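# Structural characterization, general
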Amino acid sequence: MRSRTATWFECKIRYEKTMEDGMQKKVTEAYVVDALSFSEAEERIIEEMSSYISGEFTVTDIKKAPYGEIFFSDQEMADKWYKAKLQFITIDEKSEKEKKSTVNYLVQAGSFNGAVKNLDEVMGGTMIDYTISSVAETQLMDVYEHTGKTQKDDKPEFEQ
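A brief report on the enclosed structure follows. Everything numeric here is computed off the predicted structure, so don't read it as measured data. Counting from 1, residues in each chain are numbered in the order their sequence is written. Residues qualify for local features only when their pLDDT is at least 70, as the model is predicted, and side-chain atom pairs are given and counted only at 80 or more; totals for whole chains, interfaces and linings, by contrast, use all residues. Excluded from the side-chain calculation are hydrogens and water; included are all heavy atoms of the structure.

### Description of the sheet that holds strand E9 (residues 140-144)
Whether two strands pair depends on DSSP finding at least two bridges between them. A run of H or I in DSSP counts as a helix once it spans at least four residues, and a run of E counts as a strand once it spans at least two, with each numbered from the N terminus. Strand order across the open sheet formed by four strands is E4-E2-E3-E9, with mixed pairing between neighbours. For this open sheet the edge positions go to strand E4 (57-64) and E9, each flanked by a neighbour on one side alone. Adjacent strand axes in the sheet meet at a mean angle of 25° when their direction is disregarded. Relative to strand E3 (residues 24-34), strand E2 (residues 8-18) runs antiparallel, the two sharing 11 bridges. Bridged to Tyr 15 within E3 is Val 27. The contact definition used throughout considers only heavy atoms, calling two residues in contact when any of these lie within 4.5 Å. Geometry is summarised by axes, namely lines fitted to C-alpha atoms with helices restricted to the contacting stretch, and by angles between N-to-C directions that run from 0 to 180 degrees. Lying over the sheet, helix H1 (residues 38-50) contacts E2, E3, E4 and E9, oriented at roughly 140° with respect to E4.

Take a look at the structure:
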């Protein structure tokens, strides 16, 4: 398991998909991309999807994703994405009362039990007390990380 913190955007695209029986059907699919702004998210999803979709497609929705972090699995069977809501228990030093804060995560796994296991694997290495308040399968098709590659013409400002 590896985790990645970034600014994530959920993007929905609509296109005509060829079904297994050969029929064409209009579908809307959701993806998550790592981007700094809405316009970069749109650019990234268009770039990623143009190699997979022949024909026209439209970006129908882009919204900021509520995930604090995404946990990527290296298992081949991990083909689903689960939204997990974790509550962290901290003690306020001034009032000495317990305080719960909720954080959303996106977890890649092959099953519901696999998602819970992956969460425990990652969170077990931390010293923070937590409880898993919910885990639900999402309709997300895939997550595209920023690869970090720079363009050939990219030069630092001081060299321009």
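And the narrative resumes.
### Notes on the sheet that holds strand E1 (residues 2-4)
Read from one edge of the open sheet, five strands run E1-E5-E7-E6-E8, paired in mixed fashion. Of all the strands in the sheet, the pair left with one neighbour each is E1 and strand E8 (129-137). Taking each pair of neighbouring strands and ignoring which way they run, the sheet shows an average axis angle of 30°. This element, helix H2 (residues 112-123), spans strand E5 (67-72), strand E6 (80-91), strand E7 (98-109) and E8 of the sheet and lies at about 150° to E8.

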